[in-house]
Every structure is written in structure tokens, then in C-alpha cells.
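One letter stands for each residue in the lines below.
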Amino acid sequence: MKTVKPKKFLGQHFLKDLQIAQDIADTVDACPYLPILEVGPGMGVMTQFLIHKDRRVKVVEIDFESVAYLRRNFPQLEDHIIEDDFLKMHLERTFDGQPFVLTGNYPYNISSQIFFKMLDYKDLIPCCTGMIQKEVAERIAAGPGSKTYGILSVLIQAWYNVEYLFTVHEHVFNPPPKVKSAVIRMTRNATSELGCDERLFKQVVKTTFNQRRKVLRNSIRPVLTDADNRAQQQGLPVKDHSEFLSAEIFGRRPEQLSVAEFIRLTKAVAKEID
């Protein structure tokens, strides 16, 4: 039987261990009844277990060789194979606007981008599971005070409960990656709105973590400068932010703040630059 040759430029590492494949597929059982979208099925090592879940399953695959393999070996998927780049898809069209579970053995080189897209469609994706680079999984699951706590941690945990499920070693892949992998599950929490400007929240989180070694008093300045520049362009006076930046929170570093504290910080910044 003809198989698919892994392509380095697509970040392909095909899982060989069927038990692990089934274990990953079974992570979607925490969100029953919903249809499933699998990203990057490759030769269908997970797909073969997903299609027996008694619910709708679609797969999205950018590799033409993998698509041909899936069509030959999974005829029941014929009308449910999406040959496309997941990052460019309009996900509201996938299941006609119905919420779905996102899963997959995600390409390591775009896993963060996949999760940023998940956040853009968080109201359509109540559950996301799958396998990623161990380091990225640890980052997503990390709490305040951890060296791995960062942008992904805060932005995802604002909307999802994160579970680090298990570690997967290199030898079960073809070709073996240079790093360990991990399986995680993210399930939407009870938050329906943050109570602050979501765009500004993202800006505050990303800006401060981009200078994570600095205290917030220094790392938040680009956000304030952007506001000052807009004020100048509109002919408005520029504020003196010294009193604002004297608050206790600005003497801390971003990794010391919880999600709730980042929300409070965003509200304070919004008031300052209004």
C-alpha cells in the first residue's frame, strides 16, 4: 500500500503508535455529540478512530498527497475532506454555523497560529484537543509565576480551561521530531465576555510579554505611546502618565499577573488613554 512521505516544509511527523492515536482521538469524548473537525489528518491514524464516534467528522488537509491517500483509504470521508489551509478557512461555514470540536496532530510550526485562530472562533469551538510540541503545551497550561507563562497562557486561559493530559515521546513518529510532544484539551469556561476591550486586552498582554524581563511600568509604555500619538494627530493634549504608572501593579512583571489581573490592568489602561 502506497504511503505518504512526510514533508519537512509542512512540519509533518506522522504518528505510528495506534494506541496513542486512539488515546488522542478519545480526548474529544469530553465534548460529546458535537461534530468534529480534524486538522492535518495525514494518513488518517487518528481519523480511523474519530469516524467511529457516531457523529459528523470532517478533516482539513493541505497536503495533496495526504488528500489522495485519504480518498483511497477512507471512502466514507469522500464528501468530508476539505483540501485547504486551515489558517485561511472561514470556520463558520464548516458545519453551517454549528459549534464543533477541533482536534488533530497539529503541525508544530503553526500550532500557535492554530490556537490564535481558535480564539477568533471561540464561540464556535467549545472544545479543542490534540497533540502539539511539549514546550507549547506547557506554555498554554502554565500559571502565573511560571517561566513558561506567557501570551498564549493568558489569552487562552481567559476563555478556556486547559488540561495537560499526557506526554508523547519522539520514537512513536515518522520521522521522529527533535522534541517531545504533549496532548492537551481546552474546554470553554463560563466567561462570555471579559468586561474590558478585548482588542486592548490582547494588545496589553502581547506588548508586556514581548518585554517580559521589564516591569510593567516600562513594558506598558508602547500602549500609552500609541494613545499619545493618536491624541497628537487629533490635536488633543498628551497626558502625563507618571501618576498612573506609580500604582503598585506597574512594579511587577507580566508573568506575575493572573488573567483577572490582566483584565483589571486593561480596564485601567483604557481609562487612562480614553
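Before reading further, recall that the structure is shown in the block above.
Quantities reported herein were computed from a predicted structural model and do not represent experimental measurements.

**Student:** Where do I start with the overall build of the protein in this structure?
**Tutor:** Tallying secondary structure elements over the protein gives 10 helices and nine strands in all. With respect to the three principal axes, the spread of C-alpha positions in the protein is 70 × 40 × 35 Å. When burial is assessed residue by residue, the protein has 49% of its 274 residues classed as buried. Pairs at least 24 residues apart make up 71% of the contacts formed inside the protein by residues separated by at least 6 positions. If you sum the accessible surface of the protein, you get close to 13,600 Å²; carbon and sulfur atoms cover 49% of it. For the protein, the separation between the mean place of its 37 positive charges and that of its 34 negative charges on side chains is 5 Å.

**Student:** Which parts of the structure should I look at to understand the sheet that holds strand β7 (residues 160-168)?
**Tutor:** For sheets, the rule is that strands pair by backbone hydrogen bonds, running either parallel or antiparallel. The strand order β4-β3-β2-β5-β6-β9-β7 describes an open sheet built from seven strands, whose pairing is mixed. A single partner strand is all that each edge strand has here, and the edge strands are β4 (81-83) and β7. Neighbour to neighbour, the strand axes of the sheet diverge by 20° on average, direction disregarded. The pairing of β7 with strand β9 (residues 181-188) spans eight bridges and is classified as antiparallel. Within β9, the residue paired with F166 across the bridge is V183. In the packing of helix α3 (residues 64-73) onto the sheet, the strands contacted are β3 (57-61) and β4, and the crossing angle to β4 comes to about 160°.

**Student:** Sorry, what's going on with the pairing of strand β2 (residues 36-39) here?
**Tutor:** Two faces, one strand: in a regular strand the side chains alternate between the faces of the sheet. Side chains I36 and E38 project from β2 onto one buried face, and the interleaved L37 and V39 project onto a second face that is buried too. With four bridges connecting them, β2 and β3 associate as parallel partners. Paired with V39 across the two strands is V60, which belongs to β3. Bridge count between β2 and strand β5 (residues 101-104): four bridges; the pairing is parallel. Residue pairing across strands places I36 opposite V101, the latter belonging to β5.

**Student:** Can you help me understand helix α9 (residues 221-233) in this one?
**Tutor:** Residue pairs spaced three or four apart in an α-helix point in one direction, given the helix's 3.6 residues per turn. The end-to-end C-alpha distance of α9, which contains 13 residues, comes to 18 Å, matching closely the 18 Å that a straight helix rising 1.5 Å per residue would cover. Among all positions of α9, only V223, L224, A227, D228 and A231 are buried. One side of α9 carries all its buried residues, which in axial view fall inside an arc of 135°. Along α9, the residues that are exposed and aim more than 90 degrees away from the buried face are Q232 and Q233.

**Student:** Please explain the packing of helix α7 (residues 198-209) against helix α10 (residues 259-273) as it appears in this structure.
**Tutor:** Describing two packed helices takes the angle between their axes plus the distance from one axis to the other. Between α7 and α10, the shortest axis-to-axis distance is 9 Å and the interhelical angle comes to 105°. The pairing of α7 with α10 is recorded here as roughly perpendicular in orientation. Note on element contacts: α10 touches α7 through V259, F262, I263, L265, T266, V269, A270 and I273, opposite L200, F201, V204, V205, T208 and F209. Per-class residue counts for the contact of α7 with α10 are 12 nonpolar, two polar and no charged.

**Student:** So what exactly am I meant to see when it comes to the packing of α9 against α10 here?
**Tutor:** Running from N to C, α9 and α10 point in directions that differ by 25°, and their axes come no closer than 10 Å. The angle between α9 and α10 places the two elements in the roughly parallel class. At the point where α9 passes α10, the crossing takes the right-handed sense. Contacts between α9 and α10 involve V223, L224, A227 and R230 on the former and, on the latter, V269, E272 and I273. Of the residues that constitute the contact of α9 with α10, the class distribution is five nonpolar, no polar and two charged.

**Student:** How do you make sense of the environment of I273 when you look at a structure like this?
**Tutor:** As for its placement among the helices and strands, I273 is situated in helix α10. Separated by 162 residues in the primary sequence, I273 and S111 place their C-alpha atoms 34 Å from one another. Setting aside residues up to four positions removed in sequence, I273 forms contacts with L200, L224, A227, R230 and K239.

**Student:** What is the right way to look at unusual backbone geometry in this model?
**Tutor:** With the exception of glycine, the majority of residues adopt a negative phi angle, and the majority of peptide bonds are in the trans configuration. Of note, the phi angle at Y33 is positive, near 80°, even though the residue is not glycine. Mapping Y33 onto the fold places it in the loop between α1 (18-25) and β2. Residue class for Y33 comes out exposed when judged on its relative accessible area of 77%. A positive phi angle is found at D96, which is not glycine, with a value near 55°.

Cut-offs and rules
Residues numbered from 1 in each chain as written. Predicted model: local features only at pLDDT ≥ 70, side-chain atom pairs only at ≥ 80, totals over all residues. Heavy atoms only, no water. Helix = DSSP H or I, 4+ residues; strand = E, 2+ residues; numbered from the N terminus. Buried < 20%, exposed > 50% of the residue type's maximum accessible area, 1.4 Å probe, protein only. Contact = heavy atoms within 4.5 Å. Areas by Shrake-Rupley, 256 points an atom, 1.4 Å probe, with all protein chains shown as cover. Lys, Arg positive; Asp, Glu negative; His and termini not counted. Charge placed at Lys NZ, Arg CZ, Asp CG, Glu CD. Pairing = 2+ DSSP bridges. Axes fitted to C-alpha atoms, helices over the stretch in contact; angles between N-to-C directions. Expected span 1.5 Å × (residues − 1). Arc of directions from axis to C-beta. Parallel < 35°, antiparallel > 145°, perpendicular 65-115°, else oblique. Nonpolar A, V, L, I, M, F, W, Y, C, P; charged D, E, K, R; others polar. Left-handed = near helix turned anticlockwise from the far one by under 90°.

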